[in-house]
Amino acid sequence: MAKFDPGKIGLLLSDERYAETDPTDILIGAGLKKGDVFGDIGCGPGFFTIPASYIVGREGMVYALDVQEEMLEELRKRRPPENVRIVRSLEDSIPLDEETLDLALLAYVLHEVERGDTFLREVRRVLRSGATLVVLEWEKMEEEKGPPFEERISKEDAKRMLEEGGFRIVKSENLNPSHYYIHTVKA
Ligand SMILES: C[S@@+](CC[C@H](N)C(=O)[O-])C[C@H]1O[C@@H](n2cnc3c(N)ncnc32)[C@H](O)[C@@H]1O
């Protein structure tokens, strides 16, 4: 599927986005805490990465992973704290050892991946037993902002993909009219 256009990277760190979505609230609500090893898979320029690095603190670690070098370069320019490791990922292959992460986030990434089943199997591999995976996505509807309707994944389809990928759904809810949130654990 189409990847986010790096030419529009500013949208991912816009004032409008911060006004609509508080990344720290979402991460704490997902259960992220001091000392955790967190994976921001498809991190973009780090809207969630940098707040996560403050939550996990020096005892914790954040892996910021993305397939697009332009995204990682933008994140480097923001000079993230020392507990952030910036790693180039591959479409179906995450360069981390198995059972590395306590909590992983896919924020507006699932609708961009080529092969959802293979990708989720890989995400599952790098999560510890019982670890959390949180998915944020765009509601399947026509909207001026965000990805086109045909690229969006409905909440029901996302839940099905996650269950088939070996995740247990704990909670799903709407964050606002445009976005939904699914909280899962590695089954
Ligand atoms: C819409 S952006 C969101 C970025 C960030 N999560 C945020 O919320 O600001 C989606 C990101 O996912 C990345 N991406 C797409 N497919 C990926 C994959 N298979 N593995 C890792 N990153 C991927 C894209 O390069 C892009 O930076």
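Residues numbered from 1 in each chain as written. Predicted model: local features only at pLDDT ≥ 70, side-chain atom pairs only at ≥ 80, totals over all residues. Heavy atoms only, no water.

(A) A look at the pattern of salt bridges. Overall, the coordinates contain 15 salt bridges when judged by the stated rule. Across the pair Lys159 and Glu156 runs a salt bridge, and its minimum N-O distance is 3.8 Å. Placement of both Lys159 and Glu156 in helix α6 (residues 155-164) is noted, with a separation of three residues, approximately one turn of the helix. Connected via shared salt-bridge partners are Glu69, Glu73, Arg76 and Arg88. (Salt bridge = Lys/Arg side-chain N within 4 Å of Asp/Glu carboxyl O. Helix = DSSP H or I, 4+ residues; strand = E, 2+ residues; numbered from the N terminus.)

(B) Looking closely at the site of the ligand. In the neighbourhood of the ligand, 20 residues make up the surrounding shell, with Lys3, Arg17, Gly42, Asp66 and Ala107 lying closest. Lys3 places a polar side-chain atom, nitrogen or oxygen, 2.9 Å from a nitrogen atom of the ligand. Burial of the ligand by the protein chains amounts to 98% of its free accessible area of 590 Å². When its residues are assigned to classes, the shell around the ligand shows twelve nonpolar, three polar and five charged. (Near = heavy atom within 4 Å. Polar contact = N/O pair within 3.5 Å; in protein donor to acceptor, adjacent residues only side chain to side chain. Areas by Shrake-Rupley, 256 points an atom, 1.4 Å probe, with all protein chains shown as cover. Nonpolar A, V, L, I, M, F, W, Y, C, P; charged D, E, K, R; others polar.)

(C) Layout of the side chain of Ser178. Looking at the secondary structure, you find Ser178 in the loop between β6 (167-176) and β7 (179-186). A relative accessible area of 5% means that Ser178 is categorised as buried. Residue contacts for Ser178: discarding those within four places in its chain leaves Glu137, Trp138, Glu139, Met141, Glu143 and Lys145. (Buried < 20%, exposed > 50% of the residue type's maximum accessible area, 1.4 Å probe, protein only. Contact = heavy atoms within 4.5 Å.)

(D) A look at the pairing of strand β2 (residues 61-66). Judged by how many residues are buried, β2 sits mostly within the fold: five of six residues are covered. Relative to β2, strand β1 (residues 37-41) is paired through five bridges, and the arrangement is parallel. By the bridge assignment, Ile41 is partnered in β2 with Leu65. As a crossover connection, the stretch from β1 through helix α3 (residues 49-56) into β2 is right-handed. For the handedness criterion, the β-α-β arrangement of β2, helix α4 (residues 69-77) and strand β3 (residues 84-88) is classed as right-handed. (Pairing = 2+ DSSP bridges. Right-handed = clockwise from strand over helix to strand, strands pointing away.)

(E) Seen up close, the nonpolar core. Counting residues in hydrophobic clusters, the biggest one holds 28 residues, and the most contacted among them are Ile41, Leu101, Leu106, Leu110, Phe119, Val123 and Leu133. If we skip the residues at most four places from it in the chain, Ile41 touches Leu65, Ile94, Leu101, Ala104, Leu105, Leu106, Val109, Phe119 and Val123. Within the second largest apolar cluster, 25 residues are counted, among which are Ile50, Val56, Leu72 and Leu103. (Core = buried A, V, L, I, M, F, W, Y, C linked by side-chain atoms within 4.5 Å.)

(F) Examining the sheet that holds β3 more closely. Taken together, the seven strands give an open sheet; going across it, the order is β3-β2-β1-β4-β5-β7-β6, and neighbouring strands pair in mixed fashion. Each of the sheet's edge strands pairs with one partner strand only, and the pair in question is β3 and β6. For this sheet, the mean inter-axis angle between neighbouring strands, taken without regard to orientation, is 15 degrees. Its contacts with the sheet put α4 on β2 and β3, and the angle it makes with β3 is roughly 160 degrees. Contacts from helix α5 (residues 116-126) reach β1, β4 (101-107), β5 (127-138), β6 and β7 within the one sheet, and its direction differs from that of β5 by about 140 degrees. (Axes fitted to C-alpha atoms, helices over the stretch in contact; angles between N-to-C directions.)

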